[in-house]
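Commentary on secondary and tertiary structure
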Amino acid sequence: MPPSTILCVFCIFFFHLQTTRGKQVNCNTFTCGDIDIQFPFGLQGSNQDRRCSYYPSPTFQLSCQNRTQTILTLPNFGDLLVKSIDYESQSIRVNDPNGCLPKRFLTLNNWNLSGSPFKLNPIIYGTIPYNLTFFRCSSNVTDSFQLPLMPISCLSNGSNNFSVIASWSRPIVSSPLMYQWCEVISWANVPLPRLDMPMWPLWPDLNNDLELVWAQPNCRDCALSGQLCGFSKDNGLQLGCFPGSSRQGLSRSAKYGLAIGVGIPGLLCLIGFSCFICSKVRMMTHRRPRSTELPITISLEPIPYVMGLDGATIEKYPKTLLGESGRLLKPNDNTCAICLSEYEPKETLRSIPECNHYFHANCIDEWLKMNGTCPICRNSPEASSTLSFSSFSPTSPLSSSQ
């Protein structure tokens, strides 16, 4: 077996081994709005096998409302609208379904994420939420820039001319100006991004999305490699990575790994297969019998042609001695067609019997020695008085004599 064939078989076997490692329940990836739902999350009412989601924690079961809104329900926080899920960083961005997250903080003053696998992303929010005081102030006060705090739009009521602002619980509460202009609504613990938090009294938008993270189940490596996470055995909670296409697309590292792992073996197989085809073509070319080139024979009919006349034949042509007038019977023949000179008295002329054309005897004699035809009409002399030759046949050897 050629080495190229062995290499191709090895590449195919290796690829098959990688793609068939482990077994997983056939789980579909669902979509609700712009959110792809896959392990560890499940979709309520989808009739999937329970092992298609991380069933030890029911919180991973999402719901889809009107096919456009993905809802995450937390035990001590209620329903939250899912804005995005990042399976590589194992994070999920949520907000209030009604678009007013600060109201949720006021309603649930002592809210917490206990009872769920999620927690606030410590890189963004730190570990402890900030205790803020919410005030209701007259709109003319907040609009006059006497208070530089930004109103919370979803809690303010423009028709009733009041705005809700939030600030540190201390020392603002003890300020007489705040009590004179505003009234305290409530206190609440609010997660604020510590990286974006400036000094008082400016605040980031309290209605920004919350970013939650989960640690278990740990499927980060599967997502980074472009594979799907799931239970690797029929029983137990052991997880594994399985081939599959994520609708979010492969990560950059997964693309590099796929290009190296598949591109290089594929290129080697292609090179080996090309060499194999080239060798076969060369073998067929060498085995093909060479065609014997036969000489091309062209048969031509003999073409007679007239050469010059001998002196005896030329002397048989009649001569004429011009008289004193130098005129001939035909006025148009007063010029020699060979030397283009007019005939003079006492000159000797010679005529060709076949056409009765006159020429100077010396001119026509030299002409007839080279060509046996009339210089004017090209009439040939009689066959008996010419030297006739046949054309050479290509099949006959060519010889010439000087």
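The rules behind each value
Numbers given for residues are sequential positions, taken from 1 along each chain in its written order. Local features in this predicted model are restricted to residues of pLDDT 70 or higher, and side-chain atom pairs are both shown and tallied only at a pLDDT of 80 or more, whereas totals for entire chains, interfaces and linings draw on every residue. Excluded from the side-chain calculation are hydrogens and water; included are all heavy atoms of the structure. Each pair of aromatic rings taken from Phe, Tyr and Trp, with Trp reduced to its six-membered ring, is defined by centres within 6.5 Å and is described as stacked if the planes are under 30 degrees apart, edge-to-face if over 60, and tilted in the remaining cases. Only runs of H or I of at least four residues qualify as helices and only runs of E of at least two qualify as strands under DSSP, and these elements are numbered from the N terminus. Per-residue accessibility, obtained with a 1.4 Å probe over protein chains only, is compared with the maximum for each type, and a residue is labelled buried under 20%, exposed over 50%, and partly exposed between these values. For a lysine, the NZ atom is tested; for an arginine, the CZ atom; a charge sits over a ring if that atom is within 6 Å of the ring centre and within 35 degrees of the ring normal. Here, two cysteine sulfur atoms that lie within 2.5 Å of each other are counted as a disulfide.

Our focus in this paragraph is the packing of aromatic side chains. Enumeration according to the criterion identifies 15 aromatic pairs in this entry. When the centroid spacing of 6.5 Å and the interplanar angle of 80° are considered together, the rings of Phe39 and Tyr54 count as edge-to-face. Pair noted here: Phe39 is in the loop between strand S2 (35-37) and strand S3 (42-43) and Tyr54 is in the loop between S3 and strand S4 (61-65), with a separation of 15 residues, a long-range link. Judged on exposure class, the residue Phe39 and its partner Tyr54 are both buried. The interplanar angle of 15° and the centroid separation of 6.3 Å between the aromatic rings of Phe41 and Phe118 together place this pair among those described as stacked. Taken together, the residues span a long stretch of sequence, with Phe41 in the loop between S2 and S3 and Phe118 in strand S8 (residues 118-120) at a distance of 77 residues. We note that Phe41, like Phe118, is buried. Linked through ring pairs, Phe39, Phe41, Tyr54, Tyr55, Phe60, Tyr87, Phe118, Trp214 and Phe231 together constitute an aromatic cluster. Residue placement shows Arg50 over the ring face of Tyr55; its charged tip is 4.0 Å from the ring centre.

Further remarks concern the state of the cysteines. Considering all chains together, one arrives at five disulfides under this definition. Here Cys32 pairs with Cys64 through a disulfide, and the sulfurs are 2.0 Å apart. Here the S-S torsion is close to 85°, and the disulfide linking Cys32 with Cys64 is therefore right-handed. Separated by 32 residues along the polypeptide, Cys32 in strand S1 (residues 30-32) and Cys64 in strand S4 bring together distant segments of the chain. Its relative accessible area of 0% is what places Cys32 among the buried residues. The disulfide partner of Cys137 is Cys182, and the S-S distance across this bridge is 1.9 Å. Taking the sign of the S-S torsion, about 110° here, the bridge from Cys137 to Cys182 comes out right-handed. Pair noted here: Cys137 is in strand S9 (residues 130-138) and Cys182 is in strand S11 (residues 182-190), with a separation of 45 residues, a long-range link. Judged by relative accessible area, Cys137 falls into the buried class, the value being 2%. The thiol sulfur of Cys339 is not disulfide-bonded, and the nearest other cysteine sulfur, from Cys336, lies at 3.7 Å. By relative accessible area, Cys339 is classed as partly exposed at 32%.

In this model, Phe39 is joined to Pro40 through a cis peptide bond whose omega is 10°. Looking at the secondary structure, you find Pro40 in the loop between S2 and S3. At Asn66, a residue that is not glycine, the phi angle is positive and equals roughly 55°. Here Gln90, not a glycine, exhibits a phi torsion of approximately 55°, which is positive. Relative to the helices and strands, Gln90 is located in the loop between strand S6 (78-86) and strand S7 (91-95).

The quantities given are spatial measurements derived from coordinates; they are silent on function.
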